[in-house]
Amino acid sequence: MDIFGKRLFGNKMLLQFIHSQHRLANFFKALIIPHWMIVGFLYIILGWYVTERAQAFDLTEDIQLHGFITQGYFLTSDNRIFGKSDEGGSFDYTEAGITGSWTPHSDFRFAAQVLFRRAGIGNNNDFELDFGLLDYTILSTVDYRLGVRLGRVKTPFGFYNETRDVLFTRPTILLPQSIYADAQRDLAMSSDSGFIYGEYRNDWGNLSLELGAGIPRGDSVDVELGILGDDFPGETYSELSYVGRLGYETQGGKFRMAITSARVDTRYDPKLLPPDDLLGGKDIFIPVIFSGQYNREKLSLTAEYAFRSVEATGFGSGFDRKMIGESYYLQAEYRFRQNWQFVLRYDVMYNDRNDKNGRKNEAKYGSPAHTWFAKDWTIGLRHYINPSFLIAAEYHSINGTAWIVPIQDNPDPFDLKRRWNLFALAVSYRF
Amino acid sequence: MLIICIMSGISSADNLPVVVVNPTVDPKSFLSRSAFSAIFGMRLRKWEDGSQIKVFVLADDSPLHVNFSKNILRVFPYQLRLAWDRLVFSGTGEEPTKLKSEQQMREMVGSTPGAIGYLSRSMIDETVKAINF
């Protein structure tokens, strides 16, 4: 410290430089707008369009612009989700997006979406390019379609992953966490990749296949928390990963089904030496998801089942593991009146299907038994005020804490309560 | 399913919406329910000659749209809406252009090359080509 001080003192130029840097920093600090102002501003802009009702912008006939914004409120009996939800509730949950699409030619299309997300400590006013891609149609006939997507592409994964941030497209405010865990959200979102997709349709239905290879967006603290359970000195990064989804739906979509699998490769690059840091490790995640849905005018029944293989090696004992998790949910949506919808769901997650009550893993790794499973009964209600405005509420009765998110909001697993309740309220607007 | 027929004489058919295309469109082999499902589901984007298909619809809650979805496409309007939203917000497609009235529908389909939409039978005139299947 002294040495540095003397050196600095002796170097007027350097001092002046540092001083100017400080001024610059202060200038930018003054410019940084509090997040509530950004959020408020977005509301004002979007609210202005409400009077116009849902009408996408067809700027020219080749360009479409869409968007959405959701504000949520979470209240929990114990355990935190998206902020201090256990202390009178948390409004710390905002998601918004602007989506543009340009089709200059019948075979070429460009599409991009910018996402704003505020969700507890894990996502603090993040602006991100959610997707930005070129879609090229190789072949299109009445029966077949074949094409490629290049760039940052959303990950096809089960029924809901690609549009998981849009409340209008998901059945509940909180997606079934057993399959769409928000803790692993960043890895599942999108990847810088190439996809090939194909479709075959016939009188008996529509068959589709998407195959992709790329680098998932996995360089954030969230990923580290999701995979390692803590924010360690080093950084995680993603290696080449793969995903594929085979889908089938009958004509009119009465039955929809899909099988998804992926191989997600995440690495950890330590910064310090043990015991202050982990060793450089590798986490290979291979899920297989089976999805099915039955749709009638008033009723939709949905079920998804997944087994998830996790193999973490090289991190050091206490972190290395090889286990297979199991997840499933059963969900009924009932449109009991026009613009009103009721939802009931039972969602189950086991981090280790050979240790469903978590006791063996508690003994082995130390974290409480209830952090290895979660069973969630959900009831929810939503009302579409008009095609572009909706309000939703839901109540969860939960046994287990396996998917608690984000981990930073709940730093100590021993403070978690095994049985807890969650209430959520959200309003959403889209155009 | 390649049936083009004149539906006169069938009284119940009078209430059903009719698929209309721009007069320059020659739908050829696209005259099946699966093709129209794919077109209005925004998954079939090119006519047989390679030109772009421009899809026009009315609002989700308009009676003609509901009638068209349920009785012609045999899909519930909420399913179409979800399918379009999935395309738009995943970057894999677009939604149809929404129009305000049947008058506007007739005008847009009549004046836009490659256009397809639907109208009540009583609204059809020579500016659009009606398709029965």
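Description of the structure in this document. The structure presented is a predicted model; accordingly, all values stated were derived computationally and were not measured.

1. With respect to the overall build of chain A
In terms of regular secondary structure, chain A is built from 6 helices and 18 strands. Looking at chain A as a whole, 50% of its 431 residues are labelled buried. When contacts within chain A are restricted to residue pairs at least 6 apart in sequence, those whose partners lie at least 24 apart make up 61%.

2. Overview of the interface of chain A and chain B
Many descriptions give the size of an interface as the accessible area lost when the pieces come together. Contact with chain A, which involves 54 residues of that partner, is made by 37 residues of chain B. Of the roughly 3700 Å² buried at the junction of chain A and chain B (both faces included), carbon and sulfur atoms supply 47%. Looking only at chain A, the three residues that lose the most surface to chain B are A:Ser106, A:Val142 and A:Glu297, adding up to 14% of its buried area. On inspection of chain A and its partner chain B, the count reaches 5 salt bridges. The closest approach of N and O atoms between A:Asp107 and B:Lys46, which form a salt bridge, is 2.6 Å.

3. Details of the environment of B:Asp61
All names here are of chain B. Of note, Asp 61 is situated in the loop between strand 2 (54-58) and helix 2 (63-73). Assessed through its relative accessible area of 40%, Asp 61 is described here as partly exposed. For the pair Asp 61 and Pro 77, spaced 16 residues apart in sequence, the C-alpha to C-alpha distance is 8.2 Å.

4. Section: the nonpolar core
The biggest cluster of nonpolar side chains holds 38 residues, and the ones touching the most others in it are B:Ile39, B:Phe40 and B:Ile116. Of all the elements in the fold, those that place two or more residues in this core are strand 1 (18-21), helix 1 (33-40), strand 2, helix 2, helix 3 (77-90), helix 4 (102-111) and strand 4 (115-119) of chain B. For this core, the element with the highest residue contribution is helix 1 of chain B, accounting for 5 residues. Every residue in contact with B:Ile39, bar those within four places of it in the chain, is listed here: B:Phe30, B:Leu44, B:Trp47, B:Ile53, B:Val55 and B:Ile116. In this structure, A:Phe68, A:Phe82, A:Ala119 and B:Val88 belong to the second largest nonpolar core, which totals 29 residues.

Reading guide: rules and limits
Residues numbered from 1 in each chain as written. Chains lettered and ligands numbered in written order. Predicted model: local features only at pLDDT ≥ 70, side-chain atom pairs only at ≥ 80, totals over all residues. Heavy atoms only, no water. Helix = DSSP H or I, 4+ residues; strand = E, 2+ residues; numbered from the N terminus. Buried < 20%, exposed > 50% of the residue type's maximum accessible area, 1.4 Å probe, protein only. Contact = heavy atoms within 4.5 Å. Buried area = accessible area lost by both parts, 1.4 Å probe. Salt bridge = Lys/Arg side-chain N within 4 Å of Asp/Glu carboxyl O. Core = buried A, V, L, I, M, F, W, Y, C linked by side-chain atoms within 4.5 Å.

Note that every value here comes from positions in space, so none of it alone points to a role or purpose.
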